[in-house]
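# Commentary on secondary and tertiary structure
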Amino acid sequence: AAGVIQSPRHLIKEKRETATLKCYPIPRHDTVYWYQQGPGQDPQFLISFYEKMQSDKGSIPDRFSAQQFSDYHSELNMSSLELGDSALYFCASSLGRGRYEQYFGPGTRLTVT
Amino acid sequence: QQQVKQSPQSLIVQKGGISIINCAYENTAFDYFPWYQQFPGKGPALLIAIRPDVSEKKEGRFTISFNKSAKQFSLHIMDSQPGDSATYFCAASRGGATNKLIFGTGTLLAVQP
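Given the structure is predicted, the values throughout are model-derived calculations rather than measurements.

### Re the pattern of salt bridges
Where charged atoms from two side chains of opposite charge come close, those side chains can pair. Taken as a whole and judged by the stated rule, the model has nine salt bridges over all chains. Asp56 of chain A is the partner of Lys100 of chain B in a salt bridge, and the nearest nitrogen-oxygen pair spans 3.8 Å. Linking Lys100 of chain B in the loop between strand E9 (86–92) and strand E10 (102–103) with Asp56 of chain A in strand E6 (residues 53–57), this pair reaches from one chain into another. With a relative accessible area of 26%, Lys100 of chain B lands in the partly exposed category. Between Asp31 of chain B and Arg51 of chain B there is a salt bridge, and its shortest N-O distance comes to 3.6 Å. Of this pair, Asp31 of chain B sits in the loop between strand E3 (19–25) and strand E4 (33–38) while Arg51 of chain B sits in the loop between strand E5 (45–50) and strand E6 (56–59), and the two are 20 residues apart along the sequence. Judged by its relative accessible area of 18%, Asp31 of chain B is buried. The structure contains a network of salt bridges with shared partners spanning Arg63, Glu82 and Asp85 of chain A.

### Focus: the state of the cysteines
Residue and element names in this part refer to chain A. Counted according to the given criterion, the structure contains two disulfides over all chains. The disulfide partner of Cys23 is Cys91, and the S-S distance across this bridge is 1.7 Å. Disulfide Cys23 to Cys91: torsion about the S-S bond roughly -50°, handedness left-handed. Here Cys91 lies in strand E9 (residues 87–94) and Cys23 lies in strand E3 (residues 19–24), a separation of 68 residues in the sequence. Residue classification places Cys91 among the buried residues on the basis of a relative accessible area of 0%.

### Side note on the sheet that holds E3 of chain A
Working definition: the strands of a sheet are paired by backbone hydrogen bonds and lie parallel or antiparallel to each other. All names here are of chain A. Taken together, the four strands give an open sheet; going across it, the order is E1-E3-E8-E7, and neighbouring strands pair in antiparallel fashion. Looking at strand neighbours, the two that pair on one side only are strand E1 (5–7) and strand E7 (64–68), the edges of this open sheet. This sheet shows a mean twist of 15° between the axes of neighbouring strands, independent of strand direction. One ladder, built from three bridges, connects E1 with E3; its direction is antiparallel.

Conventions and cut-offs
Residues numbered from 1 in each chain as written. Chains lettered and ligands numbered in written order. Predicted model: local features only at pLDDT ≥ 70, side-chain atom pairs only at ≥ 80, totals over all residues. Heavy atoms only, no water. Salt bridge = Lys/Arg side-chain N within 4 Å of Asp/Glu carboxyl O. Helix = DSSP H or I, 4+ residues; strand = E, 2+ residues; numbered from the N terminus. Buried < 20%, exposed > 50% of the residue type's maximum accessible area, 1.4 Å probe, protein only. Disulfide = S-S within 2.5 Å. Pairing = 2+ DSSP bridges. Axes fitted to C-alpha atoms, helices over the stretch in contact; angles between N-to-C directions.

Rendered as structure tokens:
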């Protein structure tokens, strides 16, 4: 079965640079969630989209923005990167706003040097 | 403030034994409680989930027990195998306009052969 696709899988950036992470949800899934996971920590919710509209916002820095496109893929844009932004970034998708099951992608490992 | 508390932080079990991980929550608005399994460098994989209208759910070797009055739920892994060695996260969400997952802090399970 098709899963959530994330690209790139690994990304190395320097401080103050920008990064763009992409997420392609499971086919027919219309809801996308972004989570950030620091080393040895649990995933923290950043932002979610349903039918191309932002549906919820968590502890996402103002330096970050995201959107969902007409084909339901989503992009997380991160500017003025800081060392503390180094983490695993996961995208998850679900089918329908009222459906609970979220399926996670393999993640993007971002390293800021 | 950790909305979902998970214990133990780490667990060592012998092959064939039972692994038990516990979680507790405060927000009575939560109505969906999944468990995720995560291997190092991989995305969390949905294992099993429960809604508060049932007290137990079993899928293969994995069982969730749910105590609504105590606001606690637990994961039991029967006949634990070395391949089960991973980090396990409990989570909770409250549906509605947002299904964002609030995770516990994780349990690192090691199953010894």
